[in-house]
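# Topology and contacts: notes
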Amino acid sequence: MEETKDKIIKCLNKIPQSISSRDLLKRIKANKNDYYKALEELEKEGKISLSKSRRIRKVREKSTVDATIVSLSKGFAFARPESGGDDIFIHADHLKSAFIKDKVRLYRIRQSPKGPSGEVDSISEKSSRVITGTLNKGRGTCEMVPDDAIRYPIRVVQSAPRNAKNGDKVQAKISRQKNSSELQAEIVKIYGKSNSAKICADAILDQYGIRTKFEKEILEEAKRASSAGISEKDLRGRLDLRKLAICTIDGAGAKDLDDAISVSKTQKGFRLGVHIADVSHYVREGGALDQEAFERGTSVYFADRVVPMLPEELSNGACSLNAGEDKLTFSAIIDLSSRGEILSYRFRKSVICSRVRGVYSEVNQLFSGKADREVKKKYFPVIRSLHAAKELAEILKKRSGENGSFDIESTESEFTLDEKGVCVDVRPRKSGEAEQMIEQLMITANQAAAKLAKSKEIPFVYRVHEQPDPERVQTLIQLVEAVGLNSRTLKKKGELTAADFAAVLDQAKGTPIQKIISHQLLRTMAKARYDSQPIGHFGLALEDYCHFTSPIRRYPDLAIHRILTALLSEKDASQISRFQNFAVSAAKASSNAEVRAMAAERDTEDCYMAEYIGRHIGEIYDGVISGVTQRGIFVELANTVEGFVPVDSFQNASYQFDGMITQVDRNTGNKLTIGQPMRIQVAAADVAGGRIDFIPCENPD
């Protein structure tokens with residue numbers, strides 16, 4: 001039978017047109033019964049088509065690409081391939097009603113000097129048709145300007161609700177007009193004025209489908225878990241660490257304190273204790289609370305609020321490691337050499353009582369010798385542990401650098417809001433010795449947890465960072481060579497390492513091109529994500545890594561706690577295999593939740609920045625070019641606010657993009673490139689769209 005099927009397909013491959021069933025049988029000279037059975041199977045498999053007149057044609061396979069619609073304009077759209085590469089242009093006639101964020105299958109992919117184009121073959125997964133935007137009411141007209149990447153206003157059907165005002169941020173249900181491809185919007189929710197970043201943040205949460213309220217059932221489960229207290233049964237079998245000099249260190253405003261540390265010096269080096277809130281004790285597998293945490297995936301942090309993964313009864317209550325209170329924890333106890341090598345590790349369920357509620361700014365004062373008497377008194381119970389932790393962290397950071405790990409220059413923003421929630425100041429978020437110390441200690445605990453899981457070959461949720469895409473590496477090499485640096489380490493045979501990237505960054509350190517190289521390195525590297533396989537972490541130069549240290553605010557950490565709890569408590573390790581599907585689904589869902597949260601946080605920050613700079617229209621600032629595109633350049637100010645300068649705003653100039661990092665004036669040869677200083681004037685700020693426009697104060701020298 002299979003032989004007959006192969007003969008049929010081989011014969012049809014040589015025939016461009018259809019052929020009668022009788023003629024095909026003559027050509028392949030097969031057994032008649034086998035032949036007709038083979039035809040029947042091939043038709044079911046979709047490999048041939050059989051007409052009513054018994055003419056046979058091979059079904060030509062389509063070359064398809066899975067992609068997501070990322071922008072929608074009048075007359076066309078763009079889709080981003082899942083496998084990477086350039087966005088694909090789609091004419092409106094070939095969209096098949098696909099909408100923004102729909103997952104589609106494209107075919108008839110063609111290449112042209114302007115880039116690839118294609119057509120929608122099918123929609124594999126529809127996105128929500130409910131979006132947010134800004135209402136634009138005129139005389140006899142009413143439109144909504146979408147927040148999503150829909151590049152044109154959408155007509156509002158019927159009349160907008162009476163209480164809806166021009167300029168309001170709204171939510172609308174999108175549909176297509178009858179017998180037309182035109183979109184229409186039905187207003188379903190009104191948030192308030194779109195020139196308020198706080199109002200825009202409300203809309204962004206809805207836009208990304210981030211739930212802000214917990215159902216009654218979930219709140220009741222959290223309340224029952226948090227009010228139960230700690231019983232003798234809960235303490236049974238736990239390691240009692242209540243006499244240790246343990247403390248937490250967080251930001252001054254933090255309420256969900258989920259990690260504490262203790263460090264002591266030993267004959268061989270150091271003993272590090274990282275004590276994490278035992279969230280899996282309270283969030284039981286399969287409960288409503290667990291399902292809610294799984295779906296949320298992570299806490300979301302905005303300038304004016306936190307949208308927690310878990311209800312406050314747990315996140316700020318029972319699970320928060322408040323000073324002076326007995327708390328159930330999951331401890332990683334790690335012995336390290338004087339050079340920072342992990343010698344041994346063990347994970348135990350424990351109970352602690354934190355001596356001090358540490359604050360980063362105060363610990364930084366201690367380390368710098370600027371702490372006053374009151375601060376010194378507060379930290380006296382844990383001062384030896386803190387100094388040992390500082391010494392260990394410095395060793396770990398040095399060792400990390402020797403292994404090839406590197407820090408890319410990037411700036412986070414810190415927002416100051418007034419009593420009305422309006423952004424009145426933006427500045428760079430500073431990271432002092434205390435912040436860097438905690439980061440190193442948490443990395444070590446995460447590494448140890450991953451090592452344990454890998455050695456036991458159990459299902460697990462790893463934090464992975466894959467090798468950079470070879471095409472992006474080639475672009476990086478071109479840039480490195482264009483600015484006069486040595487690209488030898490990027491051209492070696494075999495897999496690249498973080499050390500190869502670090503070697504390039506070291507060449508640029510302290511020079512005007514450092515920002516250029518940092519920017520391109522970031523663009524070259526893959527995005528970190530979660531996976532059930534230990535692929536390794538490229539950026540940290542680690543073979544084994546996971547997220548174990550923040551189960552209050554990240555579901556993958558909670559998932560890991562649950563698996564490791566089973567490993568410690570079950571005598572038969574083979575039973576752990578039941579977590580295999582759980583690990584796979586938790587990794588996928590957590591990766592998606594992280595992407596969603598980061599996008600929402602980024603969009604909200606853009607709104608707050610626009611709100612702040614909108615109070616400074618016309619003012620002049622010095623900045624640095626942070627990005628270059630075909631249409632213009634981005635300039636970042638010292639306070640981290642970034643705005644766009646169109647190339648046509650430069651008078652008497654004719655700039656042309658080099659396709660990489662520079663705009664060159666064809667008249668004078670002047671260049672605009674990443675890392676170059678530039679003086680600008682604030683021209684406009686759109687809070688609703690999170691957009692800021694600058695104009696140059698003077699032509700570049």
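Note: the structure precedes this text.
The rules we used
- Residues numbered from 1 in each chain as written.
- Predicted model: local features only at pLDDT ≥ 70, side-chain atom pairs only at ≥ 80, totals over all residues.
- Heavy atoms only, no water.
- Helix = DSSP H or I, 4+ residues; strand = E, 2+ residues; numbered from the N terminus.
- Buried < 20%, exposed > 50% of the residue type's maximum accessible area, 1.4 Å probe, protein only.
- Contact = heavy atoms within 4.5 Å.
- Areas by Shrake-Rupley, 256 points an atom, 1.4 Å probe, with all protein chains shown as cover.
- Lys, Arg positive; Asp, Glu negative; His and termini not counted.
- Charge placed at Lys NZ, Arg CZ, Asp CG, Glu CD.
- Pairing = 2+ DSSP bridges.
- Axes fitted to C-alpha atoms, helices over the stretch in contact; angles between N-to-C directions.
- Salt bridge = Lys/Arg side-chain N within 4 Å of Asp/Glu carboxyl O.
- Parallel < 35°, antiparallel > 145°, perpendicular 65-115°, else oblique.
- Nonpolar A, V, L, I, M, F, W, Y, C, P; charged D, E, K, R; others polar.
- Phe/Tyr/Trp six-rings, centres within 6.5 Å; stacked < 30°, edge-to-face > 60°.
- Lys NZ or Arg CZ within 6 Å of the ring centre and 35° of its normal.

A few words now on the overall build of the protein. Scanning the protein for helices and strands turns up 18 helices and 34 strands. For the protein, the C-alpha atoms occupy an extent of roughly 95 × 75 × 65 Å along the three principal directions. With 701 residues in all, the protein has 49% of them scored as buried. Restricting the contact set of the protein to residue pairs at least 6 apart, pairs at least 24 apart contribute 65%. Summed over all atoms, the accessible surface of the protein reaches about 36100 Å², with 46% contributed by carbon and sulfur. Counting 109 positive and 97 negative side-chain charges, the protein places the centres of these two groups 5 Å from one another.

This part is about the sheet that holds strand E32 (residues 671-673). One open sheet holds the three strands; their spatial order is E30-E31-E32, and the pairing between them is antiparallel. Both outer strands of the open sheet, strand E30 (655-657) and E32, are each paired with one neighbouring strand and no more. On average, adjacent strands in this sheet sit at an angle of 20° to one another, irrespective of strand direction. Here E30 pairs with strand E31 (residues 662-665) via three bridges, running antiparallel. Residue pairing across strands places tyrosine 655 opposite aspartate 665, the latter belonging to E31.

Two side chains with opposite charge may pair up if their charged atoms get near one another. Within the structure shown, the criterion is met by 39 salt bridges. As a salt-bridge pair, aspartate 335 and arginine 271 come within 2.8 Å of each other at their nearest N and O atoms. Residue aspartate 335 is found in strand E20 (residues 326-337), and its partner arginine 271 is found in strand E17 (residues 269-277); the two are separated by 64 residues along the sequence. The exposure class of aspartate 335 is buried, given its relative accessible area of 17%. On the basis of relative accessible area, arginine 271 is assigned to the partly exposed category, the value being 38%. Overlapping salt bridges, with partners in common, bring together Lys198, Asp202, Asp304 and Arg305 in one network.

For helix H15 (residues 498-508), the set of buried residues is Ala498, Asp500, Phe501, Ala502, Val504, Leu505 and Ala508. Where H15 is buried, its residues contact helix H14 (470-482) and helix H16 (514-524). Of the residues trailing H15, glycine 510 is marked for its positive phi of about 80°.

With that settled, the discussion passes to the packing of helix H1 (residues 2-13) against helix H2 (residues 21-28). At a closest axis distance of 10 Å, the pairing of H1 and H2 adopts a crossing angle of 110°. It follows that H1 is roughly perpendicular to H2 by the angle criterion. Together, Thr4, Lys7, Ile8, Cys11 and Leu12 of H1 and Leu24, Arg27 and Ile28 of H2 make up the contact between the two elements. Partitioning the contact of H1 with H2 into residue classes produces five nonpolar, one polar and two charged.

Looking now at the packing of aromatic side chains. One pass over the full model with this rule turns up 15 aromatic pairs. Look at phenylalanine 294 and tyrosine 555: their rings are 5.4 Å apart centre to centre, the planes differ by 85°, and that puts the pair in the edge-to-face class. Linking phenylalanine 294 in helix H8 (residues 288-296) with tyrosine 555 in helix H17 (residues 555-569), this pair joins segments that are 261 residues apart in sequence. The exposure class of tyrosine 555 is buried, given its relative accessible area of 1%. Here the aromatic rings of phenylalanine 330 and phenylalanine 548 are separated by 5.7 Å at their centres, their planes lie at 75°, and the arrangement is edge-to-face. Of this pair, phenylalanine 330 sits in strand E20 while phenylalanine 548 sits in the loop between strand E26 (529-531) and H17, placing them 218 residues apart in sequence. Owing to a relative accessible area of 0%, phenylalanine 330 belongs among the buried residues under this scheme. Put simply, the rings of Phe294, Tyr555, Phe579 and Phe582 pair up and form one aromatic cluster. Stacked on the ring of phenylalanine 330, the Lys or Arg lysine 349 has its end atom at 5.2 Å from the ring centre. Directly above the ring of tyrosine 530 sits arginine 463, whose terminal nitrogen or CZ lies 4.6 Å from the centroid.

Remember that the coordinates give geometry; whether it matters functionally is a separate question.
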